[in-house]
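Next come the chains, spelled out residue by residue.
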Amino acid sequence: MSQVGHQTARALLRRLALEQAECRIPSVRAAIVRDGEIVWQAGRGQVDGRPPEPGTQYRIGSITKSVVAVTVMRLRDEGLIDLLEPIGKHLPDTRFGEVTIAQLLSHTGGLTAEPPTGWWERTPGIDMADLLSRVGPGEVKHRPGRRYHYSNIGFSLLGELVARLRGVPWDRVARAEVLGPLGMDDTTARPRPPHATGYAVHPYADVLLPEPEHDAGAMSPAGQLWSTTTDLARWAAFVAGDTGGVLSADTLAEMREPATVADGDAWTSGYGLGLQLTRHAGRRLAGHTGSMPGFLATVWADPGDRVGALFVANTTSGMRPGLLTDLLDILDEHEPRLPQEWTPAGADPALLALTGLWHWGPAPYLLRLLPGGGLSLEPVRGTGRASRFAPQDDGTWLGLDGYYAGETLRVAADHLDLNTFIFTRDPYDPAAPVPGGVEGWH
């Protein structure tokens, strides 16, 4: 197992120690994952009089939602559901059945955030029949699809969807189809020793209040799971792209796509399909935060750099939001990645002949050949529509991202036809079939 250097480890430990001391956290563990391996981990504080260990369990709260989302996406990939289907097709006993599965996954279904019960995180859970009888039209707070509105109830319904289609409770499905195959054997629905006790820290005195912990019942898909830093490191590697066969790479990438923006006017954070998203220092991070009374946890992963960071702590509140991004910044400062060595690669002569300058009307674009045989078309001056394209069996090219995602590029001898837009070697080449005709420059 590779490890960070001593100087890097010391800087990372100091940042974690500052968090534990200044925020008065009973105990906290953190880890960094690179290329699927833990390269640094450490703990501060105590659990039952001892430092927390890699195998010490903490409740991970809403990180549970991401695990549930993976089980839902597996159903979709098997053809058992369609994300555009209303939840009422599979849960006919709901009273807001028009909300789609995709909207529930992305928190855009408009459902209320909390169930119409007592404070569900601090009281024993109720069963699904009881919950559904309480959740009526009044719990729809926004028109479905209108806006991002975080909903714990939405994920309780997704867990029930999984349970009904598989015929066993959602947590057994997660164990068999996700956690087990990923080797996350210490991630469980109920705590097992050794585990941390959840505490609230008094805001004005150095004393602790034990927080209650119960089985959340029907609400368990929203935040039931307990885990360890070792298991969450595997989860970070999974989110970064090491799927272990649990999902296809394309499905995981779909989950990481922004489905909605969570912070209004400026897109710095958002939500995909069961995954939170954020931007930091050029990184696009995916993962999830977790919060239950007495516990905080977060996992962030950067699939572009195959790096992730995580922490677990037994405190109700008080931690600063930048711990993990600070740890990633320290890693970048002390041990930045070296770029991959460039090596020449073979190219189909027909594709090589396509490269170079093309024009959309008077605007110049560059077409480049990408590693693996794809194409990139981007404006020369940096403003305009840029996309990558993958070859298709019928000789066309499929847009992968940007404005032309999902659109078709067709290549002719003297022009490119990109979803009806004609690109020519010279601006408005009269020899090419430019709609509207070309009379010549004056």
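This text follows the structure it describes.
As the structure is a computational prediction, the values presented were derived from the model and not from experiment. (Residues numbered from 1 in each chain as written. Predicted model: local features only at pLDDT ≥ 70, side-chain atom pairs only at ≥ 80, totals over all residues. Heavy atoms only, no water.)

Chemist: Can you walk me through the overall build of the protein in this structure?
Modeler: Of regular secondary structure, the protein possesses 10 helices and 20 strands. Seen along its three principal axes, the alpha-carbon backbone of the protein occupies a region of about 80 × 60 × 40 Å. The buried share of the protein, reckoned over its 442 residues, is 48%. If you sum the accessible surface of the protein, you get close to 20500 Å²; carbon and sulfur atoms cover 53% of it. (Helix = DSSP H or I, 4+ residues; strand = E, 2+ residues; numbered from the N terminus. Buried < 20%, exposed > 50% of the residue type's maximum accessible area, 1.4 Å probe, protein only. Areas by Shrake-Rupley, 256 points an atom, 1.4 Å probe, with all protein chains shown as cover.)

Chemist: Please clarify how the nonpolar core should be interpreted in this entry.
Modeler: Generally speaking, soluble globular proteins have nonpolar side chains that are buried together. Ranked by size, the top nonpolar core spans 76 residues in total, and within it Ile101, Leu105, Leu158, Trp235, Phe238 and Met255 carry the most contacts. Discounting chain neighbours no more than four positions away, the residues touching Ile101 are Val72, Ile81, Asp82, Leu83, Glu85, Ile87, His90, Leu158 and Leu161. (Core = buried A, V, L, I, M, F, W, Y, C linked by side-chain atoms within 4.5 Å. Contact = heavy atoms within 4.5 Å.)

Chemist: Quick question: what am I supposed to make of the packing of helix α2 (residues 63-77) against helix α5 (residues 152-166) here?
Modeler: Each pair of packed helices gets described by two things: the angle between the helix axes and the distance between those axes. In contact at an axis separation of 10 Å, α2 and α5 are set at 45 degrees when each is read in the N-to-C sense. Classified by the interaxial angle, the pair formed by α2 and α5 is oblique. The hand of the α2/α5 crossing is left-handed. On the side of α2, the interface is formed by Lys65, Val68, Ala69, Thr71, Val72 and Leu75, while α5 contributes Asn152, Phe155, Leu158, Gly159, Val162, Leu165 and Arg166. (Axes fitted to C-alpha atoms, helices over the stretch in contact; angles between N-to-C directions. Parallel < 35°, antiparallel > 145°, perpendicular 65-115°, else oblique. Left-handed = near helix turned anticlockwise from the far one by under 90°.)

Chemist: Where do I start with the packing of α2 against helix α8 (residues 249-256) in this structure?
Modeler: Interaxial distance between α2 and α8 falls to 11 Å at its minimum, and their mutual angle equals 130 degrees. Of the possible angle classes, the one that applies to α2 and α8 is oblique. Helix-helix and strand crossings are classified by hand; for α2 and α8 the assignment is right-handed. In contact with Ser66, Ala69, Val70, Met73, Arg76 and Asp77 of α2, α8 contributes Thr251, Glu254 and Met255. Of the residues contributing to the contact of α2 with α8, the split by class is 4 nonpolar, 2 polar and 3 charged. (Nonpolar A, V, L, I, M, F, W, Y, C, P; charged D, E, K, R; others polar.)

Chemist: What should I look at first to understand the sheet that holds strand β9 (residues 276-280) in this one?
Modeler: Hydrogen bonds along the backbone pair up the strands of a sheet, which may run parallel or antiparallel. Spatially, β2-β1-β12-β11-β10-β9-β8-β7 is the arrangement adopted by the 8 strands of the open sheet, whose pairing is antiparallel. The open sheet terminates on both sides in strands that have one partner only, identified here as β2 (37-45) and β7 (260-261). Relative to strand β8 (residues 269-271), β7 is paired through 2 bridges, and the arrangement is antiparallel. Bridging from a neighbouring strand, Thr260 pairs with Tyr271 of β8. Helix α1 (residues 6-22) rests against β1 (27-34) and β2 of the sheet, and its axis sits at about 35 degrees to β2. Each of β1, β2, β10 (283-292), β11 (295-302) and β12 (307-313) touches helix α7 (residues 229-239); the most contacted strand, β12, lies at about 145 degrees to it. (Pairing = 2+ DSSP bridges.)

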